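What the coordinates show
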Amino acid sequence: MSTAAQVLDATSARPPLGARDASFRLQPLRAFRAVRRLIADKEDTAQVFEVMRALSGRAIPNGYARLLKTPQGGAIAYRREEFADWLSDEAWLAQFQPGTVGAAYRDFIAPRGLTAEGLAEESRKVADADMDAAHPLLWYARRLRDVHDVWHVLTGYGTDALGEVCVVAFSYAQTRSLGFALIAFAGAQEFRRLKDGQPYGKAVREAWRAGRKAAWLPEVDYPALFAMPLDEARRVLGITPPATYQVIPQDLREHYQRAA
């Protein structure tokens, strides 16, 4: 293909998410349908990305603009490294000593069979998301996707139903994406239906407040953070322990999923 033809082909290609004004249009009906499917099957991770696609609004461009305004965030955006590549490098993950963030992440994903690439594959199931597009806003969206399990580790929430609801409540405070807000609200409502006296709602609200009080995590240098002791990282980032979540018995944190 000639140089001229390559240029013409590039200019005629469909622009990626973020380059089209319609990409920021809220789609509430689409989001609510996806939430219903997610409540029916907590393991259907693709529905999370469906909700996020429908309700991202201006959260992605606003977050990327904020990233550019900080010295560390601007440097990270300039390098535009794909964090999933780091997380998929077994040799890189194996180097971290016990007690570090990296070791905690490694120990978190291994027994659960989680991988960064697996999460990426789920995100690609949303047909119109263009998740792999070479565009700075899509790079930022991928960054938020790839740190999800790292935020589990940093916050102390598990992958049980309540832990996932709490992490998305924390994520809403961090990103202001309405998709996270809807998932957190819907999950909290499902737990509220149990009426078993457990403080599920308090746990979710506590997670949201923790997200507001913590440092802004999208600008963190995660490869450097992985070498830090986990307790020190939490202290530096201002992440408080999930006290209410931890007092709820482990088996009850999955209760609404079994009762559905």
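Everything in this summary refers to the structure shown in the same document. Computed from a predicted structure; not experimentally measured.

Notes on a negative patch on the surface
On the surface, a cluster of negative charge is contributed by Glu-81, Asp-85, Asp-89 and Glu-90. Examined against the element boundaries, Asp-89 turns out to sit in the loop between helix H6 (83-87) and helix H7 (90-94).

Details of unusual backbone geometry
Of note, the phi angle at Arg-80 is positive, near 50°, even though the residue is not glycine. Within the element layout of this structure, Arg-80 appears in the loop between helix H5 (71-79) and H6.

Some points on the environment of Pro-136
Tracing the backbone shows Pro-136 in helix H10 (residues 136-146). Spatially, the C-alpha atoms of Pro-136 and Ala-77 are 8.0 Å apart, while their sequence positions differ by 59 residues. When sequence neighbours within four positions are dropped, the list of residues in contact with Pro-136 reads Tyr-64 and Arg-80.

Observations regarding the packing of helix H4 (residues 59-68) against H5
Packing of H4 against H5 leaves a shortest axis separation of 6 Å and a crossing angle of 110°. The angle between the axes of H4 and H5 places the two elements in the roughly perpendicular class. In this structure, H4 uses Tyr-64, Leu-67 and Leu-68 to contact H5, whose residues at the interface are Gly-73, Gly-74 and Ala-77.

Details of the side chain of Arg-145
Its place among the elements puts Arg-145 in helix H10. Among all residues touching Arg-145, those that are not within four sequence positions of it are Phe-49, Leu-119, Ala-120, Ser-123 and Met-131.

Examining the nonpolar core
A general feature of soluble globular proteins is that nonpolar side chains tend to end up buried together. Val-35, Val-51, Leu-162, Cys-166, Ile-183 and Val-204 are the most contacted members of the largest nonpolar core, which totals 31 residues. The set of elements that each furnish at least two residues to this core consists of helix H2 (28-40), helix H3 (46-55), helix H12 (161-175), helix H13 (178-192) and helix H14 (200-213). Val-204 has contacts with Leu-162, Val-165, Cys-166, Ala-169, Ala-184 and Ala-188, leaving out every residue within four places of it along the chain.

A short note on the packing of aromatic side chains
Summed over the entire model, instances satisfying the criterion amount to 12 aromatic pairs. A centroid spacing of 5.4 Å and a plane angle of 35° characterise the contact between Phe-83 and Tyr-222, whose relative ring orientation is tilted. Placement of the pair is Phe-83 in helix H6 and Tyr-222 in helix H15 (residues 222-225), with a sequence separation of 139 residues. Residue classification places Tyr-222 among the buried residues on the basis of a relative accessible area of 1%. Every member of this aromatic cluster is reached through a ring pair, and the members are Phe-83, Trp-86, Trp-92, Phe-96, Tyr-105, Tyr-222 and Phe-226. Against the face of Phe-108 rests Arg-112, its NZ or CZ located 4.0 Å from the ring centre.

Remarks on the layout of surface pockets
Computed from the structure, the second largest pocket encloses a volume of approximately 220 Å³. If you go around the second largest pocket, the residues you meet are Ala-169, Tyr-172, Ala-181, Ala-184, Phe-185, Ala-188, Gln-189, Gly-201, Val-204, Arg-205 and Trp-208. Taken together, the elements giving at least two residues each to the lining of the second largest pocket come down to H12, H13 and H14. No other element matches the 5 residues that H13 contributes to the lining of the second largest pocket. Per-class residue counts for the lining of the second largest pocket are 8 nonpolar, 2 polar and 1 charged.

Considering the pattern of salt bridges
Oppositely charged side chains may form a pair once their charged atoms are brought near each other. Enumeration over the complete set of coordinates arrives at 12 salt bridges. With its nearest N and O atoms 2.8 Å apart, the salt bridge here joins Arg-124 to Glu-117. We classify Arg-124 as partly exposed; its relative accessible area is 32%. In this structure, Glu-190 engages Arg-193 in a salt bridge whose closest nitrogen and oxygen atoms are separated by 2.5 Å. Since its relative accessible area comes to 15%, Glu-190 is described here as buried. On the basis of relative accessible area, Arg-193 is assigned to the exposed category, the value being 61%. Three or more residues joined by partner-sharing salt bridges are found here, namely Arg-30, Glu-50, Arg-53 and Asp-128.

Thoughts on the side chain of Ser-123
Its place among the elements puts Ser-123 in helix H9 (residues 116-123). Under the relative-accessibility criterion, Ser-123 is labelled buried at 1%. What Ser-123 contacts, discounting residues up to four positions off in sequence, is Phe-49, Met-131 and Arg-145.

Things to note about the packing of H12 against H14
Remark: H12 packs on H14, axes separated minimally by 7 Å, with the N-to-C direction vectors making an angle of 35°. In the crossing of H12 with H14, the sense of the turn from one axis to the other is right-handed. Contacts from Leu-162, Val-165, Cys-166, Ala-169, Phe-170, Tyr-172, Ala-173 and Gln-174 of H12 reach H14 at Tyr-200, Ala-203, Val-204, Ala-207, Trp-208, Ala-210, Gly-211 and Arg-212. Partitioning the contact of H12 with H14 into residue classes produces 13 nonpolar, 2 polar and 1 charged.

Calculation notes
Residues numbered from 1 in each chain as written. Predicted model: local features only at pLDDT ≥ 70, side-chain atom pairs only at ≥ 80, totals over all residues. Heavy atoms only, no water. Patch = residues over 30% accessible without salt bridge, like charges linked within 9 Å, V, L, I, M, F, W, Y side chains within 5 Å. Areas by Shrake-Rupley, 256 points an atom, 1.4 Å probe, with all protein chains shown as cover. Salt bridge = Lys/Arg side-chain N within 4 Å of Asp/Glu carboxyl O. Lys, Arg positive; Asp, Glu negative; His and termini not counted. Charge placed at Lys NZ, Arg CZ, Asp CG, Glu CD. Helix = DSSP H or I, 4+ residues; strand = E, 2+ residues; numbered from the N terminus. Contact = heavy atoms within 4.5 Å. Axes fitted to C-alpha atoms, helices over the stretch in contact; angles between N-to-C directions. Parallel < 35°, antiparallel > 145°, perpendicular 65-115°, else oblique. Core = buried A, V, L, I, M, F, W, Y, C linked by side-chain atoms within 4.5 Å. Buried < 20%, exposed > 50% of the residue type's maximum accessible area, 1.4 Å probe, protein only. Phe/Tyr/Trp six-rings, centres within 6.5 Å; stacked < 30°, edge-to-face > 60°. Lys NZ or Arg CZ within 6 Å of the ring centre and 35° of its normal. 1 Å grid on protein atoms, 1.4 Å probe; cavity = no way out; pocket = protein on both sides within 12 Å on 5 of 7 lines; lining within 4 Å. Points joined across faces, edges and corners; volume = space filled by probe spheres on them. Nonpolar A, V, L, I, M, F, W, Y, C, P; charged D, E, K, R; others polar. Left-handed = near helix turned anticlockwise from the far one by under 90°.

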